Amino acid sequence: MSKLQQQIANNWQVGRRKFSQLPPIVSFNLWYASQNGRDQKIIKAVSAFIVFCLIIVLFVQPFLAKQSLYQGKLDKSLSTYELLASNAHKFQGQARSSSSNGPILSLVTQQAKRSNINLKRFEPDGDGLRIWLEDAVFDDAIRWLEELNQKHGIQIKQINVDRSEKSGRVDLRGTLFK
């Protein structure tokens, strides 16, 4: 291990020697040596300030920019979560205004036609109904589900919402029950 350390130290010394022999470095050292003590202190202070500024610009500032970007994303996510949390009771079937006595299949298909929702597929599932929507407008689909709950007492047992390729559109699979 000491042989490796000695080789690294030798390479460091050779590199320093070659660097100090470069013409711009030699001329700077001669110029610096010709300055009086007060000017040398000023040159050191200005050089330290420039190095400090470079460190900030190259390393610190990009981290701060990313931090503000991620803080914005966090704030947006938190506001979305708070909105969903404040409206969660609307999708749990707690506020039912009236309940229709018709079969769930006919109620769901009639409401879908009225709301311009295209049911890709639906099938009975015991006492409930499985539904599939593809490429549906998210806001329309949620309004439709809320209307089913509020007006007909149809609740969501399970729902899976996936983002579609188009903005504002979703693929939705769910199980409804009465």
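Structure: see above.
*Asks:* So, the overall build of the protein chain: which residues are in play, and what are the values?
*Replies:* Scanning the protein chain for helices and strands turns up 5 helices and 4 strands. Reading the protein chain from its N end, one meets helices and strands in the order α-α-α-α-β-β-α-β-β. A compact globule built from 178 residues should have a C-alpha radius of gyration of about 16 Å, whereas the protein chain, at 35 Å, is more than 25% larger. Buried residues in the protein chain amount to 17% of all 178 residues. Restricting to contacts in the protein chain with at least 6 residues of sequence separation, those with at least 24 account for 55%. Total accessible area on the protein chain stands at roughly 13700 Å², and carbon and sulfur atoms take up 58% of it. With 25 positive and 15 negative side-chain charges, the protein chain shows a separation of 13 Å between the mean positions of the two kinds.

*Asks:* Outline the pattern of salt bridges, listing residues and values.
*Replies:* Scanning the model with the defined rule gives 7 salt bridges in all. One salt bridge connects Lys166 with Asp135, and the closest N-O pair in it is separated by 3.7 Å. Remark: Asp135 occurs in strand β2 (residues 128-137) and Lys166 occurs in the loop between β3 (155-163) and β4 (169-177); sequence separation between them is 31 residues. One connected set of salt bridges, linked through shared partners, spans Arg121, Glu123, Asp125 and Arg130.

*Asks:* How would you summarise the packing of helix α2 (residues 23-34) against helix α3 (residues 37-86) if you had to cite specific residues and measurements?
*Replies:* Their axes nearest at 8 Å, the elements α2 and α3 cross at an angle of 130 degrees. It follows from the interaxial angle that α2 and α3 lie oblique. Contacts between α2 and α3 pair Trp31, Tyr32 and Ala33 from the former with Gln40, Ile43 and Lys44 from the latter. A class-by-class count of the residues in the contact of α2 with α3 yields 4 nonpolar, 1 polar and 1 charged.

*Asks:* I'd like to hear about the side chain of Thr175, residue by residue, with values.
*Replies:* With respect to the secondary-structure elements, Thr175 resides in strand β4. A residue is classified by how much of its surface remains accessible, and Thr175, at 8% relative accessible area, is buried.

*Asks:* I'd like a rundown of the layout of surface pockets, residues and numbers included.
*Replies:* Estimates place the volume of the largest pocket at around 640 Å³. Lining the largest pocket are 17 residues, with Leu84, Asn87, Phe91, Phe138 and Ile142 positioned closest to its centre. The set of elements that each furnish at least two residues to the lining of the largest pocket consists of α3, α5 (138-152) and β3. Here the lining of the largest pocket takes 5 residues from α5, the largest share from any one element. Considering only residue class, the lining of the largest pocket consists of 9 nonpolar, 3 polar and 5 charged.

*Asks:* So what's going on with the packing of aromatic side chains? Residues and values would help.
*Replies:* Considering all chains together, one arrives at 2 aromatic pairs under this definition. Between Phe28 and Trp31 the ring centres are 5.8 Å apart and the planes differ by 40 degrees, which places this aromatic pair in the tilted class. Of this pair, Phe28 and Trp31 both sit in helix α2, 3 residues apart, roughly one helical turn. Plain terms: the ring middles of Phe28 and Tyr32 are 6.1 Å apart, the flat faces sit at 20 degrees to each other, and that makes the pair stacked.

Basis of the calculations
- Residues numbered from 1 in each chain as written.
- Predicted model: local features only at pLDDT ≥ 70, side-chain atom pairs only at ≥ 80, totals over all residues.
- Heavy atoms only, no water.
- Helix = DSSP H or I, 4+ residues; strand = E, 2+ residues; numbered from the N terminus.
- Rg over C-alpha atoms; globule rule 2.2 N^0.38 Å.
- Buried < 20%, exposed > 50% of the residue type's maximum accessible area, 1.4 Å probe, protein only.
- Contact = heavy atoms within 4.5 Å.
- Areas by Shrake-Rupley, 256 points an atom, 1.4 Å probe, with all protein chains shown as cover.
- Lys, Arg positive; Asp, Glu negative; His and termini not counted.
- Charge placed at Lys NZ, Arg CZ, Asp CG, Glu CD.
- Salt bridge = Lys/Arg side-chain N within 4 Å of Asp/Glu carboxyl O.
- Axes fitted to C-alpha atoms, helices over the stretch in contact; angles between N-to-C directions.
- Parallel < 35°, antiparallel > 145°, perpendicular 65-115°, else oblique.
- Nonpolar A, V, L, I, M, F, W, Y, C, P; charged D, E, K, R; others polar.
- 1 Å grid on protein atoms, 1.4 Å probe; cavity = no way out; pocket = protein on both sides within 12 Å on 5 of 7 lines; lining within 4 Å.
- Points joined across faces, edges and corners; volume = space filled by probe spheres on them.
- Phe/Tyr/Trp six-rings, centres within 6.5 Å; stacked < 30°, edge-to-face > 60°.

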